[in-house]
Amino acid sequence: MIFRTATVLAAGGMLMASAPVNPAQAANQKLDTLMQDYWEYTLRTSPESATAVGDPRYNDRLSDNSLGAIEKDIAAQRGFLAQAKAFKEADLDADHQLDRELFMWQIKTGLDGVGFKSWEMPLNQMGGLHVDFPALFSLQPFNTEKDFQDYIARLKAFPKAMDDTIANMRAGIRDGITPPRLIVEDVIAQAKAMASGDMARAPFLAPLDKLPEGLSDDRKAALKTEVASAIEKDVTPAYGRLLAFLEKDYLPKAKPEPGTWALPDGAARYAYAVKTQ
C-alpha cells in the first residue's frame, strides 16, 4: 500500500525487540496488542510483505492497489496513529515509550507523504508491479501442492493488480504526476519483454521445475496445464495492456526532463524524499 514495506519491517522489529512485560502493566500490554494488531494488518493487506518475511498465510493473494483500497489504508493508518497517540507516556515503561515513539514516527512519516500521491506514479525501471511480480516468486515456497495452488491464484490475480495500477497512472496523468520520458522508455522496454515470447513466459514457468516428487503424474500434468493457462490468459495479456497504455497514453505525457522539481509541489516532494530516504 502507500508506505507498506518500510513500516512492516520496522513494526516487526519493534515487536521482536520489546522486552517481556509484567502482567500488571496494563498500558504496556495494550500497546503490545496494538502493535501486534498493526503487524497482522500489514501482513494481511500486503501479502507480498508476508511472503518476504516467511509467513505463508497470504501466498495466494496480491495487494489491492485500487484507489478505494488505498483510501481505506490511509484511514486505517490514521486510526492506528490515533490509538498510539491516546496512550499517556507516564503509563508506559521506558522500553514501551520508545516503542510508541518509533511506531508513531513510522506511521506519521508515511501519512506525511499522502498528499504527493505516490501511487499515481508507481512504476520505474528499478521497481513496480511489472518487475516486482516475477521477482516475488523467488521468495515464495514451492514445496507442496498447496504452494502451487497459491502460485496459480497469484497468477490469476495479476490482471486486476495491473489494471488497478494502470488506473492509478491515468490519474497521475490527470494530476501531472508522471516520470521523466527516459524512465518511461525504460519501463516500456521492460514491459515489451514481458508481453510476448518465450522470455516472457520463462520466469513464470520456472517453478514447474520444483513440482513435489510425491505428486502423481496426472496431478503434475494438471498443475502444469493450470500454470500455462494462467500465464497465457492472465499474465501475458496484462503485460500487453500495460505496454499499450505506456506507448499510446503515458509516454506522450511523460516529463521531458528528469527532476523532482518538475512534479507538482516539487520542492516539498524533494524535501520529503530527503527526509525519508
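Before reading on, note that the structure itself is shown above.
Computed from a prediction, not measured in an experiment: that's the story for all the values here. (Residues numbered from 1 in each chain as written. Predicted model: local features only at pLDDT ≥ 70, side-chain atom pairs only at ≥ 80, totals over all residues. Heavy atoms only, no water.)

**Student:** Please give an account of the side chain of Asp 55 that cites residues and values.
**Tutor:** Turning to its location among the elements, Asp 55 is positioned in the loop between helix 3 (47–52) and helix 4 (67–85). By relative accessible area, which is 14% here, Asp 55 ends up buried. For Asp 55, the side chain forms a polar contact with the side chain of Arg 57, separated by 2.7 Å. With residues up to four places along the chain from it excluded, the contact list for Asp 55 reads Leu 43 and Ala 50. (Helix = DSSP H or I, 4+ residues; strand = E, 2+ residues; numbered from the N terminus. Buried < 20%, exposed > 50% of the residue type's maximum accessible area, 1.4 Å probe, protein only. Polar contact = N/O pair within 3.5 Å; in protein donor to acceptor, adjacent residues only side chain to side chain. Contact = heavy atoms within 4.5 Å.)

**Student:** Which residues make up the packing of helix 8 (residues 181–195) against helix 9 (residues 198–205), and what values do they have?
**Tutor:** Where helix 8 contacts helix 9, the axes come no closer than 5 Å and their chain directions differ by 75°. What the angle tells us is that helix 8 and helix 9 run roughly perpendicular. Only Met 199, Ala 200, Pro 203 and Phe 204 of helix 9 make contact with helix 8, whose side of the interface consists of Ala 193, Met 194 and Ala 195. Class assignment for the residues of the contact of helix 8 with helix 9 results in seven nonpolar, no polar and no charged. (Axes fitted to C-alpha atoms, helices over the stretch in contact; angles between N-to-C directions. Parallel < 35°, antiparallel > 145°, perpendicular 65-115°, else oblique. Nonpolar A, V, L, I, M, F, W, Y, C, P; charged D, E, K, R; others polar.)

**Student:** An account of the environment of Lys 192 is needed here, citing residue identities and associated values.
**Tutor:** Following the sequence through the fold, Lys 192 ends up in helix 8. Judged by relative accessible area, which is 46%, Lys 192 ranks as partly exposed. It is 9.0 Å that separates the C-alpha atoms of Lys 192 and Leu 242, two residues lying 50 residues apart in sequence. Excluding residues within four positions of it along the chain, Lys 192 makes contact with Leu 243 and Glu 247.

**Student:** Lay out the pattern of salt bridges in plain terms, naming residues and giving numbers.
**Tutor:** Using the criterion set out here, one finds 19 salt bridges in the structure. Arg 57 is the partner of Asp 55 in a salt bridge, and the nearest nitrogen-oxygen pair spans 2.7 Å. Arg 219 is paired through a salt bridge with Glu 145; the nearest N and O atoms lie 2.3 Å apart. Residue Arg 219 is found in helix 10 (residues 217–250), and its partner Glu 145 is found in helix 7 (residues 145–175); the two are separated by 74 residues along the sequence. Judged by relative accessible area, Arg 219 falls into the partly exposed class, the value being 24%. One connected set of salt bridges, linked through shared partners, spans Lys 117, Glu 120, Arg 174 and Asp 175. (Salt bridge = Lys/Arg side-chain N within 4 Å of Asp/Glu carboxyl O.)

**Student:** Give me the nonpolar core: which residues, what numbers.
**Tutor:** Judged by nonpolar contacts, the single largest core of 41 residues is most densely connected at Phe 133, Leu 155, Phe 158, Phe 204, Tyr 239 and Leu 246. Only helix 6 (129–136), helix 7, helix 8 and helix 10 provide two or more residues apiece to this core. Among the elements that take part in this core, helix 10 stands out by supplying 12 residues, more than any other. In this structure, Tyr 239 is in contact with Leu 129, His 130, Phe 133, Pro 134, Phe 158, Met 162, Met 194, Ala 195 and Phe 204, ignoring residues within four places of it in sequence. Counting 19 residues, the second largest nonpolar core, distinct from the first, contains Leu 34, Leu 81, Phe 103 and Trp 119. (Core = buried A, V, L, I, M, F, W, Y, C linked by side-chain atoms within 4.5 Å.)

**Student:** So, the packing of helix 2 (residues 26–45) against helix 5 (residues 94–112): which residues are in play, and what are the values?
**Tutor:** At a closest axis distance of 10 Å, the pairing of helix 2 and helix 5 adopts a crossing angle of 30°. Our classification of the angle between helix 2 and helix 5 gives roughly parallel. In this structure, helix 2 crosses over helix 5, and the sense of that crossing is left-handed. Across the interface between the two elements, Asn 28, Leu 31, Asp 32, Leu 34, Met 35 and Tyr 38 from helix 2 touch His 96, Asp 99, Arg 100, Phe 103 and Ile 107 from helix 5. Residues belonging to the contact of helix 2 with helix 5 are distributed by class as follows: six nonpolar, two polar and three charged. (Left-handed = near helix turned anticlockwise from the far one by under 90°.)

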